Structures are given as C-alpha cells and as structure tokens.
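Report on the structure
Spelled out, the chains give:
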Amino acid sequence: TLIRGARPEPLWEDTPCAARRGHLGRMSVRIAEVQLGAHADSAAIAMVVCWSAPAKLNALSPAMLRRATGAIEQANADPRVVAVVFCGDPASRVMSSGADLDAAAAEEADGASPVLDFMLAVMRCKPLVCVAIHGAAVGMNVTLLPHADLVVADSGAWLATPFGSLGICPEFAASKALPAMIGHQRALRLMLWGTRLPADEAAALGLVTELVQEGAPLSPLCPEGLATAALGRVLERLQALAATVPRAAETARLFRKMLRDATEDKAAAERLAEQELRVLRARVDEGVPMEGVALRASRL
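Below you will find a few notes about this structure.

**Topic: the side chain of E276**
Within the secondary structure layout, E276 lies in helix 11 (residues 266–285). Of the buried charged residues, E276 lacks a salt bridge, with R278 as the closest side chain of opposite charge at 10 Å. One polar contact links E276 to S175, side chain to side chain, over a distance of 2.5 Å. Contacts of E276, omitting those with residues within four sequence positions, involve C169, P170, E171, F172, A173, A174 and S175.

**Describing the environment of V152**
Checked against the element boundaries, V152 lands in strand 7 (residues 150–154). The sequence separation of V152 and A229 amounts to 77 residues, and the corresponding C-alpha distance is 9.1 Å. Apart from the residues lying within four places of it in its own chain, the contact partners of V152 are V131, A132, I133, E210, V212, A230, R233 and V234.

**What about unusual backbone geometry?**
Here L57, not a glycine, exhibits a phi torsion of approximately 55 degrees, which is positive. Mapped onto the elements of the fold, L57 is located in the loop between strand 3 (42–52) and helix 1 (62–77). A residue is classified by how much of its surface remains accessible, and L57, at 15% relative accessible area, is buried.

**Brief notes about the nonpolar core**
The biggest cluster of nonpolar side chains holds 63 residues, and the ones touching the most others in it are W51, F86, F118, I133 and L159. The contacts of F118, once residues within four sequence positions are left out, are W51, L65, A68, T69, I72, F86, M140 and F172.

**Focus: the layout of surface pockets**
The volume enclosed by the largest pocket comes to roughly 580 Å³. Looking at the largest pocket, it is lined by 27 residues, and the ones nearest its centre are P146, H147, R260, T263 and E264. Those elements that place two or more of their residues in the lining of the largest pocket are strand 7, helix 6 (174–182), helix 10 (248–263) and helix 11. In terms of residues, the lining of the largest pocket owes the most to one element, helix 10, which gives five residues. Grouping the amino acids of the lining of the largest pocket by side-chain chemistry returns 17 nonpolar, four polar and six charged.

**Regarding the environment of E171**
Locating E171 in the fold gives a position in the loop between helix 5 (163–166) and helix 6. Placed 108 residues apart in sequence, E171 and V279 show a C-alpha to C-alpha distance of 9.4 Å. Apart from residues lying up to four places away in sequence, E171 is in contact with M119, M140, T143, F163, E276 and L280.

**Description of the sheet that holds strand 6 (residues 136–138)**
Taken in spatial order, the three strands line up as 6-8-9 in an open sheet, and their pairing is mixed. Looking along the sheet, the strands with just one partner apiece sit at the ends: strand 6 and strand 9 (197–198). As defined by bridge partners, strand 8 (residues 158–160) adjoins strand 9 across two bridges and the pair is classed as antiparallel. Within strand 9, the residue paired with W158 across the bridge is P198.

Cut-offs applied
Residues take numbers from 1 onward in each chain, read along the sequence in its written order. Reporting in this predicted model follows two pLDDT cut-offs: at least 70 for local features of residues, and 80 or more for side-chain atom pairs to be given and counted; totals over whole chains, interfaces and linings ignore these cut-offs and use all residues. The side-chain values count all of the structure's non-hydrogen atoms but skip hydrogen atoms and water molecules. Helix numbers and strand numbers start at the N terminus; a helix is a DSSP run of H or I with at least 4 residues, a strand a run of E with at least 2. Throughout, exposure labels follow a simple rule: accessible area from a 1.4 Å probe, protein chains only, divided by the maximum for the residue type, with under 20% read as buried, over 50% as exposed, and the rest as partly exposed. A residue counts as positive if it is Lys or Arg and as negative if it is Asp or Glu; His and the chain ends are not included. A carboxyl oxygen of Asp or Glu within 4 Å of a side-chain nitrogen of Lys or Arg is what we treat as a salt bridge. Nitrogen and oxygen atoms within 3.5 Å of one another constitute a polar contact, given that in protein one can donate a hydrogen and the other can accept it, and given that sequence-neighbouring residues count only through two side-chain atoms. Throughout, a residue-residue contact means that at least one pair of heavy atoms, one from each residue, lies within 4.5 Å. We define the nonpolar core as a collection of buried residues of types Ala, Val, Leu, Ile, Met, Phe, Trp, Tyr and Cys that are connected through side-chain atoms lying within 4.5 Å of one another. In this analysis, the protein atoms alone were mapped onto a 1 Å grid. Cavities are point sets where a 1.4 Å probe fits without being able to get out; pockets are open sets with protein on both sides within 12 Å along at least five of seven lines; lining residues have an atom within 4 Å of a point. Grid points are joined across faces, edges and corners, and a volume is the space filled by probe spheres set on the points. Only Asp, Glu, Lys and Arg are considered charged in this grouping, and only Ala, Val, Leu, Ile, Met, Phe, Trp, Tyr, Cys and Pro are considered nonpolar; every other residue, Gly among them, is considered polar. The rule for pairing is simple: two strands pair if DSSP sees at least two bridges between them.

Structural data, given as structure tokens:
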C-alpha cells in the first residue's frame, strides 16, 4: 500500500466526508515512501504523510486521522523508516486549517476517538517525527510541534491555535507542552487570543527548527505532486543523516527515545491529552465551537 522510490507516484487514500453533515468533496491522506539512500549496512526511508483536502484547506477529518495513525503504526514496524514526515497538499495555500470540527463532532458522538488515537500514536512514534509547513499551520498542526523532532517552515508561513475564539480548549497535551516550550504568557496569547505567530518568531521560540525561503528550488526528493520548499528541506536533512550516520533508522529511533524519556513524562502527557479531549468533547456537545468555524475559515 506504500510507494517506494525517490519520486514515487503518490498514493491517494480517499475517504468520503460525512454526507450526513453536509460536507462536499472527498478528504484524503496521501502517503509515500521516499528512499533516502543507503549507508553501507542499512537502507533508510522517510514515510511522508500528506494532508490532502484542498477544498477545505486540508482540514483534518477523523478518517484522515485514522489513516495517519495506521501509517505511524506501519512506520513503527518497519525498521528502515528513519522518520514520519507530516505535510500538506500544496494545492491548498496552507499546510492545514486544523481539525474538521463538524466531522469530528459527528464521529466522536458515535463513541470512536480517532483524534485521541492519532495523538497517542504520534507521542509513541518510534521514528523521528518531522513537520513541513507551507503557508500556515493551524490548531492540531501546531500542538503537534512540541512532539516533533524537526520542523521546517516557509519563511512567510504562520502558526495559529484559535482555541479561544472557537470556545474550546487545547489538545495534544498542549496545555503543558506549549507553555513549557515558549512560556506561559506567550502560550496563552497564542491559544486563548488566537494571535498569529509568524514562522520567524516561532523559530526564535524553538517551535520551528529551520526556515526555508518561499520560492526556493524544489528538491527532487519530493514525491510527485507534493513538492514544497519546506518538505524538500526536511527530506534533504534526512538524506544527509542517512548518508552520515551508521544504521540511521536504528540510531535515530534510539536518540528520539532517549531524549523524550529524559525530558518528558510520557504517561502524564498521555493522561493530559485524554483529559483535554474530554473537556473538548463537552464543549463540542454544547455546540460552542460551531459558532466560530466560519469565522476561522474566513480569516485563513
């Protein structure tokens, strides 16, 4: 079900939207394996997970999160995978506009929890977690960043977490992880006030590892149809790692585990993510966030 090669034809994993909620079109995840080259004793690949719902600014539906969770599980089981790389379909002007709250509310009401499953899968991911941001990253795509090991953004990109304006709470253990990274006041300004954070400021705060100029030449490593300057830079960094580090996938996994074990209480983070999601569900059940969805979309 995965595509191999330096420039693989992308795999569309199409999932219909919830028609009962009035959605139009199809929402998808595109997944591709990118060969990073081989050291003398081991091959190395990156698994690219691309949010692809351009008509909805790559908003994340429950079906998309389930597909991404499955991709992480496949990556964990494949010893060649150095990193899982999240990005957005360049057909949309932003990496992702965040969770599709309308679709999520319908799914969560059925007792499923693809949002929590995805968050826990990221926290437990064995390969490196990388993120490539073009245009903008919103909501869950920002609260993902403290759990990532490499984040590259376009120089003109921005981040936003409009939880306050939607009347909901943070998720992904962000109520602890974001203040720990950028400080209480900055985190509150980002999450409660919904203030946009330019990529250069995010880099200064440590949320973004590296900036790449918009319009920079696109790397031939990018899978067909998914090329952005940010994704190309991520793949180039991973290729350089594979070329210089013996047993690159094994070594990268070891470093991720050791650094995460030393700097965070994973069990506490998972409990917090579950607690945040319970509060968020209660707010969604009250119908609070639906009032802000159209306003958020208009601001993008």
